Amino acid sequence: MSRGPALAVTLWLGVGLARAAVAGDVALGEHLSGECVTCHQPSGKAVGAIPPIVGWTEDQFVAVMQSYRNKERDNPVMQTIAGSLNDAELAALAAYFGRLKPVTN
């Protein structure tokens, strides 16, 4: 009996479960976003030197936040905020902000 198809299905299911585990919790992201939107506009509009974060891809959001956390980007406020968030919280924020659409007027 060949194990090939069974192994392929097992691997396929495992990858799907791993992706689900990595995906951010949108509700948690919305809850955590309160601190973010004190500076970053939920409308997706830039205010002065503060960039919009609405509509970014989840990968982009996490990468930028990790670069602040690792002090690869120079901004003491963002370094402190990113340093206070764990990976699940970053993924949740990325999922939440990634689903928002910028307001166009």
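Residues numbered from 1 in each chain as written. Predicted model: local features only at pLDDT ≥ 70, side-chain atom pairs only at ≥ 80, totals over all residues. Heavy atoms only, no water.

A. Highlighting the overall build of the chain. Looking only at helices and strands, one finds 5 helices and 0 strands in the chain. What you see in the chain, going N to C, is helices and strands ordered as α-α-α-α-α. A buried classification covers 27% of the 105 residues belonging to the chain. Carbon and sulfur atoms form 61% of the exposed surface of the chain, whose accessible area is close to 7100 Å². (Helix = DSSP H or I, 4+ residues; strand = E, 2+ residues; numbered from the N terminus. Buried < 20%, exposed > 50% of the residue type's maximum accessible area, 1.4 Å probe, protein only. Areas by Shrake-Rupley, 256 points an atom, 1.4 Å probe, with all protein chains shown as cover.)

B. Examining the packing of helix α2 (residues 26-36) against helix α5 (residues 87-99) more closely. The contact between α2 and α5 brings their axes to 7 Å, and the two run at 90 degrees. Taken as axis vectors, α2 and α5 run roughly perpendicular relative to one another. For the pair α2 and α5, the contacting residues are Val26, Leu28, Gly29, Glu30, Leu32, Ser33 and Cys36 in the first and Glu89, Ala92, Leu93, Ala95, Tyr96, Phe97 and Arg99 in the second. Of the residues assigned to the contact of α2 with α5, the class counts are 9 nonpolar, 2 polar and 3 charged. (Axes fitted to C-alpha atoms, helices over the stretch in contact; angles between N-to-C directions. Parallel < 35°, antiparallel > 145°, perpendicular 65-115°, else oblique. Contact = heavy atoms within 4.5 Å. Nonpolar A, V, L, I, M, F, W, Y, C, P; charged D, E, K, R; others polar.)

C. The arrangement of the state of the cysteines in detail. Tallied over the entire structure, the rule returns 0 disulfides. Left without a disulfide partner, Cys36 is nearest to the cysteine sulfur of Cys39, which lies 9.1 Å away. Taking the relative accessible area as the measure of exposure, Cys36 reaches 14% and is therefore buried. Residue Cys39 is classed as partly exposed on the basis of its relative accessible area, which comes to 38%. (Disulfide = S-S within 2.5 Å.)

D. Inspection of the packing of aromatic side chains at higher detail. Counting across every chain of the model gives 3 aromatic pairs. Between Phe61 and Phe97, the aromatic rings sit 5.9 Å apart at their centres with planes inclined by 20 degrees, giving stacked as the arrangement. Highlighted residues: Phe61 in helix α3 (residues 58-69) and Phe97 in helix α5, separated in sequence by 36 residues. The interplanar angle of 65 degrees and the centroid separation of 5.2 Å between the aromatic rings of Tyr96 and Phe97 together place this pair among those described as edge-to-face. By the burial criterion, Tyr96 is buried, and Phe97 matches it. (Phe/Tyr/Trp six-rings, centres within 6.5 Å; stacked < 30°, edge-to-face > 60°.)

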